[in-house]
Amino acid sequence: MVDPRITAINQMREMEQKIPTPKITTTETPTSFKDTLVNYINEANDLAINADRDIQKMIAGEEIDAHEVMTAVEKASISFEMVMEIRNKMLEAYREVMKQGL
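Parameters at a glance
Throughout this description, residue numbers start from 1 for each chain and increase along the sequence as written. Predicted model: local features are reported for residues with pLDDT of at least 70 only, side-chain atom pairs are reported and counted for 80 or more only, and whole-chain, interface and lining totals are derived from all residues. With hydrogens and water stripped out, all remaining heavy atoms of the structure feed into the side-chain values. Numbering of helices and strands runs from the N terminus; a helix is a DSSP stretch of H or I covering at least four residues, while a strand is a stretch of E covering at least two. A helix's residues, less one, multiplied by 1.5 Å, set its expected span. Three labels apply to residues, based on accessible area from a 1.4 Å probe with only protein chains included: buried if under 20% of the type maximum, exposed if over 50%, partly exposed otherwise in between. By definition in these notes, contact holds between two residues if any of their heavy atoms fall within 4.5 Å. Lines fitted to C-alpha atoms define the axes here, with helix axes fitted over just the stretch in contact, and angles between the N-to-C directions of these axes take values from 0 to 180 degrees. In these notes the angle categories are as follows: under 35 degrees is roughly parallel, over 145 is roughly antiparallel, 65 to 115 is roughly perpendicular, and the rest is oblique. Each reported salt bridge corresponds to a side-chain nitrogen of Lys or Arg within 4 Å of a carboxyl oxygen of Asp or Glu.

(A) Just helix α2 (residues 33-59), in detail. Taking 1.5 Å of rise per residue, 27 residues should cover 39 Å, and α2 covers 39 Å from first to last C-alpha, within 8% of that figure. Those residues of α2 not exposed but buried are L37, A44, A51 and D54. As for α2, its buried residues are in contact with α3 (66-100).

(B) Examining the packing of helix α1 (residues 4-18) against α3 more closely. Running from N to C, α1 and α3 point in directions that differ by 80°, and their axes come no closer than 9 Å. Our classification of the angle between α1 and α3 gives roughly perpendicular. Of the residues in α3, those in contact with R5, A8, I9, Q11, M12 and M15 of α1 are M70, T71, E74, K75 and I78.

(C) Representation of the environment of I55 within the structure. You can see I55 is positioned in helix α2. Taking C-alpha positions, I55 is 6.4 Å from V69, a pair spaced 14 residues apart along the chain. Dropping the residues within four chain positions of it, I55 is found in contact with V69 and V73.

(D) Structural view of the pattern of salt bridges. In total, this model carries 1 salt bridge according to the counting rule given. Between E96 and K99 there is a salt bridge; the shortest N-O distance is 3.8 Å. With E96 and K99 both in helix α3, this residue pair falls 3 residues apart, about one helical turn.

Spelled out as structure tokens, the structure:
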């Protein structure tokens, strides 16, 4: 029996490979670390809200594909884990700086 989470993750990877990667031109202004972090947090929050909405639809008995719900939940989970890892790395760097006395 194949684990449905692995199937969902593989489907997400296939979808990501189909999305063209944007090319950054030199005329664009670089975004700050703060803006990038805020974007990641907002995206993780949006994915969690969408996953919750899909779960509510499924519980209410509305017509929704179980695979879509599982994919939405996994995307939200992975996104949250990424934000938490960024936070952990930032705290680790802060502690290291404080230990150095800089």
